[in-house]
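Okay, here's what each chain looks like letter by letter:
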2 protein chains.
Amino acid sequence: MTGPVDLAAVLASIDQPWSPRTVAVLNDYDVRVAHARGEFPRHSHPETDEAFLVVSGSLTIRMDDGDVTLGPGQLYVVPKGTPHQPYAPDGAQILLLEPSATVNTGDSPSEYTAERRVVEQ
Amino acid sequence: MTGPVDLAAVLASIDQPWSPRTVAVLNDYDVRVAHARGEFPRHSHPETDEAFLVVSGSLTIRMDDGDVTLGPGQLYVVPKGTPHQPYAPDGAQILLLEPSATVNTGDSPSEYTAERRVVEQ
C-alpha cells in the first residue's frame, strides 16, 4: 500500500457489484471502491458514519427521510445508525470512506456481506 | 452538513489556492477540497496520515524518497510523520481526507496556515 492508486484501474479489475476493494488505508480508516448495480440490502452502521462519493453513474441512497441521489463528483455522509439502502438501477462506480473495521452490510448480515479485501499497490 | 455535496460547485466557489474547505465530516474526520497551484511549504503531520485524491489537473507530492505525481482519479496516502511538499505548477483540484483536527501546514506553521473552514450544505 505504498504507491499511488488509480481508482479507474482498480474499478476495472472488479467483476462483481457490491464487492468493495480497499484501495488505501488512512490511519484506521479505509478508502474503498465498488461497483453499485441494482439494490443493496437496507442496513445501518450503529458505530460509524459512512461516506459515499460517486465516481461515475448515479447512486440513490434510500433513507427513511427520503432519497438522496448522487452523480459524479457528489458526496454524501450517511450518519451513524441511520438505515439506508443504496440503489443504482443503471449502475455506478463509488468510493466509500469508513473505518477499516466497517462491514458493508452493517447490522444486517446477508449473502451480500463481503470480506474486507485490500488491493496491494 | 445534511445534504449532498457537489465537489465541483464548492471548488468553483474558492478563489484562492491552498485554502481548503471542509465539505463533509465523517465521525472525527474531514473531507476537504482545495485548489493547488504552485508550491506549498514542506511539512509533516506527526500525528496522522493524510490522503490526497486529485479531482482535476496534476499534483506532485515531493518526498525524501522521491516524487509522486497524481492525475485525476489518482489517490495517495502520505504516511504519518513523513515530510512532503505538494507542488502543482499547472494547478490541480484536490480532495483531502484527514482527521478534523489536522492543520494544513502540520508541523511547519507559516502564512499558508489556514483556519478550518466548514462549508454548510
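What you see is a predicted model, and the numbers here were worked out from it, not measured in a lab. (Residues numbered from 1 in each chain as written. Chains lettered and ligands numbered in written order. Predicted model: local features only at pLDDT ≥ 70, side-chain atom pairs only at ≥ 80, totals over all residues. Heavy atoms only, no water.)

A word on the relation of the copies chain A and chain B
Formally: Only residues with pLDDT of at least 70 in both copies count here: their C-alpha atoms drive the least-squares fit that superposes the copies.
The transform that puts chain A on chain B rotates by 180° and translates by 0.0 Å along the axis, for an RMSD of 0.0 Å. The relationship between the two copies is best expressed as a two-fold rotation axis.

Focus: the interface of chain A and chain B
As a reminder of what qualifies: Here, two residues are considered to be in contact whenever any of their heavy atoms come within 4.5 Å of each other. Two parts placed together each lose some accessible area under a 1.4 Å probe, and adding up what both lose gives the buried area. Salt bridge, as used here: a side-chain nitrogen of Lys or Arg that lies within 4 Å of a carboxyl oxygen of Asp or Glu. Whenever two N or O atoms come within 3.5 Å, that pair is a polar contact, provided that in protein one can donate a hydrogen and the other can accept it, and provided that, for residues adjacent in sequence, both atoms are side-chain atoms. Starting at the N terminus, helices and strands are each numbered in turn, a helix being any DSSP run of H or I of at least four residues and a strand any DSSP run of E of at least two.
Between chain A and chain B, the contact holds 30 residues from the first and 30 residues from the second. Taken together, both faces of the contact between chain A and chain B bury some 2,200 Å²; the carbon and sulfur share is 63%. It is Leu26(A), Asn27(A) and Leu75(A) in chain A that bury the most area against chain B; as a group they hold 28% of the surface buried on that side. Viewed at the interface, chain B and chain A are joined by zero salt bridges. Along the contact surface separating chain A from chain B lie twelve residue pairs in polar contact (both at pLDDT 80 or more). Looking at the side of chain A that touches chain B, the elements that each hand over two or more residues are strand S1 (5-6), strand S2 (21-26), strand S3 (29-39), strand S4 (50-57), strand S6 (66-70), strand S7 (74-78) and strand S8 (84-99) of chain A.

Quick notes on the UniProt feature "domain: Cupin type-2" (unreviewed entry) in chain A
For clarity, the threshold we go by: UniProt positions are given in the numbering used here, feature names are shortened, and annotations may be inferred rather than shown by experiment.
Per the UniProt record, "domain: Cupin type-2" (unreviewed entry) is found at residues 35-90 of chain A. Secondary structure content for residues 35-90 of chain A is 0% helix and 62% strand, and the end C-alpha separation is 11 Å.

Structural notes on the pattern of salt bridges
Short version of the rule: Each residue is assigned to one of three classes by its accessible area relative to the maximum for its type, calculated with a 1.4 Å probe on protein chains only: buried under 20%, partly exposed between the two thresholds, exposed over 50%.
Following the criterion strictly, the structure yields ten salt bridges over all chains and no others. Put simply, Asp30(B) and Arg116(B) hold a salt bridge, and the shortest N to O gap is 2.7 Å. Of this pair, Asp30(B) sits in strand S3 (residues 29-39) while Arg116(B) sits in the segment after strand S8 (84-99), and the two are 86 residues apart along the sequence. Using a relative accessible area of 1% as the deciding quantity, one classes Asp30(B) as buried. Looking at Arg116(B), the relative accessible area reads 44%, which means it is partly exposed. With its nearest N and O atoms 2.7 Å apart, the salt bridge here joins Arg62(B) to Glu39(B). In this pair, Arg62(B) sits in strand S5 (residues 59-63) while Glu39(B) sits in strand S3, placing the two residues 23 residues apart along the sequence. Several salt bridges converge on common partners, so that one network encompasses Asp30(A), Arg32(A), Glu98(A) and Arg116(A).

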